[in-house]
Amino acid sequence: SQQGEEDPQALSIQEGENATMNCSYKTSINNLQWYRQNSGRGLVHLILIRSNEREKHSGRLRVTLDTSKKSSSLLITASRAADTASYFCATDALAGTASKLTFGTGTRLQVTL
Amino acid sequence: GAGVSQSPRYKVAKRGQDVALRCDPISGHVSLFWYQQALGQGPEFLTYFQNEAQLDKSGLPSDRFFAERPEGSVSTLKIQRTQQEDSAVYLCASSSHGLGYTFGSGTRLTVV
């Protein structure tokens, strides 16, 4: 079953605007990861934030994590048409070794010119 | 290889047919995962290998699903007597140390 939900389910913005996606999860985690999926393609790893971190940046991406609320957000600044994709959060419950990821339901982002 | 390779890219099977999906992980990656992604949903875990050992198969939906990784590299997911509800994209991922996973492009299975 899915770990939690992402909000919004769909988001449409214009190029240059910022896009914010939220993710909620249910159980304790070791880390939380964000992935992008273009239509008909596999998932691409974007960024990982550990449970003891509150914020992380990578290029135009900013991720926050609030373990007390079991929630995370992904901010894409200055969006581009190429950012059009589905975005998924995924939680990893075990420390120190690879373990299964539990994915959210995804946010479909559409960036228009 | 440079990435995780899955084949075939697309598979159409008649209901009741057996199918085999292949995953070639990144060379040296110890961990290998299979996920199932229904249309419009997030991926759901099927099974996990560490080298040739299948450590977790709790996500396999029925005994018609079987996965193997006999030499600790290439893995095959086999679905016997396919049914319409098996239609989905099957994703394979590999990982070296559990920090970030590399996914393949998936196999889209359509059962007709």
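Counting starts from 1 at the beginning of each chain's written sequence and moves along it residue by residue. Numbering of ligands from 1 and lettering of chains from A proceed in the order in which they are written. Two thresholds apply to this predicted model, a pLDDT of at least 70 for residue-level local features and 80 or more for giving and counting side-chain atom pairs, whereas whole-chain, interface and lining totals are computed over all residues. Based on all heavy atoms of the structure, the side-chain values leave hydrogens and waters out of the count.

Caption draft 1: Representation of the overall build of chain B. Only DSSP runs of H or I covering at least 4 residues are called helices, and only runs of E covering at least 2 are called strands; the numbering of each starts at the N terminus. Per the secondary structure count, chain B includes 0 helices and 11 strands. Counting from the amino terminus, helix and strand elements in chain B follow one another as β-β-β-β-β-β-β-β-β-β-β. A compact globule built from 112 residues would reach a C-alpha radius of gyration of about 13 Å, and chain B, at 13 Å, matches this within 12%. Each of the three principal axes of chain B carries a C-alpha extent, and together these read 40 × 25 × 20 Å. Here chain B, with 112 residues, has 46% of them falling under the buried criterion. For chain B, the proportion of contacts with a sequence separation of at least 24, taken over those separated by at least 6, is 50%. Computed with the Shrake-Rupley method and a 1.4 Å probe, the accessible areas treat only the protein chains shown as cover for residues. Approximately 5300 Å² of chain B is accessible, and the part contributed by carbon and sulfur atoms is 47%. Neither His nor the chain termini are counted; the positive set is Lys and Arg, and the negative set is Asp and Glu. In this description, the location of a charge corresponds to atom NZ of lysine, CZ of arginine, CG of aspartate or CD of glutamate. Put simply, chain B has 11 plus and 10 minus side-chain charges, and the middle of one group is 8 Å from the middle of the other. This radius of gyration counts C-alpha atoms alone. The globule rule is 2.2 Å times how many residues there are, raised to the power 0.38. Only protein chains enter the accessibility calculation, which uses a 1.4 Å probe. A residue is then buried if its area is under 20% of the maximum for its type, exposed if over 50%, and partly exposed in between. By definition, residues are in contact when any of their heavy atoms lie within 4.5 Å.

Caption draft 2: Region of the structure containing the side chain of Ser-94 of chain B. Residue and element names in this part refer to chain B. Tracing the backbone shows Ser-94 in strand β9 (residues 88-95). Engagement of the side chain of Ser-94 in a polar contact is seen with the side chain of His-29, the distance being 2.7 Å. Once residues lying within four places of it in the same chain are set aside, the contact partners of Ser-94 are Val-4, Pro-25, Ile-26, His-29, Ser-31, Leu-32, Tyr-101 and Thr-102. Nitrogen and oxygen atoms within 3.5 Å of one another constitute a polar contact, given that in protein one can donate a hydrogen and the other can accept it, and given that sequence-neighbouring residues count only through two side-chain atoms.

Caption draft 3: How the structure looks around the state of the cysteines. Note on disulfides: each one is a pair of cysteine sulfur atoms within 2.5 Å. A complete count under the given rule lists 2 disulfides over all chains for this structure. Across the disulfide from Cys-23 of chain A sits Cys-89 of chain A; the S-S distance is 2.0 Å. The disulfide joining Cys-23 of chain A to Cys-89 of chain A has a torsion of about 70 degrees about its S-S bond and is therefore right-handed. Here Cys-23 of chain A, found in strand β3 (residues 19-24), pairs with Cys-89 of chain A, found in strand β9 (residues 85-92); they are 66 residues apart in sequence, far enough to count as distant. Two residues share a disulfide in this structure: Cys-23 of chain B and Cys-92 of chain B, whose sulfurs sit 1.8 Å from each other.

Caption draft 4: Focus on the sheet that holds strand β6 (residues 55-58) of chain A. Taken in spatial order, the 5 strands line up as β1-β3-β8-β7-β6 (chain A) in an open sheet, and their pairing is antiparallel. Every interior strand has two partners, whereas the edge strands, β1 (6-7) and β6 of chain A, have only one. The criterion for strand pairing is that DSSP finds at least two bridges linking the strands in question.

Caption draft 5: Examining the environment of Gly-106 of chain B more closely. With respect to the secondary-structure elements, Gly-106 of chain B resides in the loop between β10 (102-103) and β11 (107-111). Taking the C-alpha atoms as reference, Gly-106 of chain B lies 20 Å from Gly-72 of chain B; in sequence the two are 34 residues apart.

Caption draft 6: The arrangement of the interface of chain B and chain A in detail. If you look at the interface, chain B gives 25 residues, while chain A gives 23 residues. We count a salt bridge whenever a side-chain nitrogen from Lys or Arg sits within 4 Å of a carboxyl oxygen from Asp or Glu. Scanning the region where chain B abuts chain A turns up 0 salt bridges. On the surface where chain B and chain A come into contact, there are 5 residue pairs in polar contact (both at pLDDT 80 or more). For the side of chain B that touches chain A, the secondary structure elements donating two or more residues are β4 (31-37), β5 (44-50) and β9 of chain B. The classification used treats Ala, Val, Leu, Ile, Met, Phe, Trp, Tyr, Cys and Pro as nonpolar, Asp, Glu, Lys and Arg as charged, and all other residues, Gly among them, as polar. Along the lines of polarity and charge, the residues of the side of chain B that touches chain A split into 9 nonpolar, 12 polar and 4 charged.

Caption draft 7: Quick peek at the sheet that holds strand β8 (residues 75-79) of chain B. All names here are of chain B. Read from one edge of the open sheet, 4 strands run β1-β3-β8-β7, paired in antiparallel fashion. This sheet does not close on itself; its edge strands, each paired only once, are β1 (5-7) and β7 (65-68). Strand-to-strand twist in this sheet, taken as the mean axis angle between neighbours without regard to direction, amounts to 15 degrees. To define axes, lines are fitted to C-alpha atoms, for helices over the stretch in contact only, and angles between the resulting N-to-C directions are given on a 0 to 180 degree scale.

Caption draft 8: The arrangement of the pairing of strand β5 (residues 43-50) of chain A in detail. Residue and element names in this part refer to chain A. Inspection of the sheet shows strand β4 (residues 31-37) paired to β5 by 7 bridges, in the antiparallel sense. Along β5, the bridge assignment pairs Gln-33 with Leu-48. Connecting β4 to the antiparallel partner β5 that follows it, the hairpin turn spans 5 residues, and Gly-40 within it adopts a positive phi of roughly 75 degrees.

Caption draft 9: Quick look at the nonpolar core. By convention a nonpolar core is built from buried Ala, Val, Leu, Ile, Met, Phe, Trp, Tyr and Cys residues, the set being connected through side-chain atoms within 4.5 Å. In terms of nonpolar packing, the biggest core is built from 22 residues, with Leu-32, Trp-34, Leu-74, Ile-76, Tyr-87 and Leu-109 of chain A touching the most fellow members. Elements with a contribution of two residues or more to this core: β2 (10-14), β3, β4, β5, β7 (61-66), β8 (71-76), β9 and β11 (107-112) of chain A. Val-19, Ile-26, Phe-49 and Val-111 of chain B belong to the second largest nonpolar core, which has 20 residues in total.

Caption draft 10: How the structure looks around the environment of Val-111 of chain A. Residues and elements named next belong to chain A. Position of Val-111 among the secondary structure elements: in strand β11. Along the sequence, Val-111 and Ser-51 sit 60 residues apart, while their C-alpha atoms lie 30 Å from each other. Those residues within four positions of Val-111 in sequence are excluded, and the remaining contacts are Ile-13, Gln-14, Glu-15, Ser-79, Arg-80, Ala-81, Asp-83 and Thr-84.

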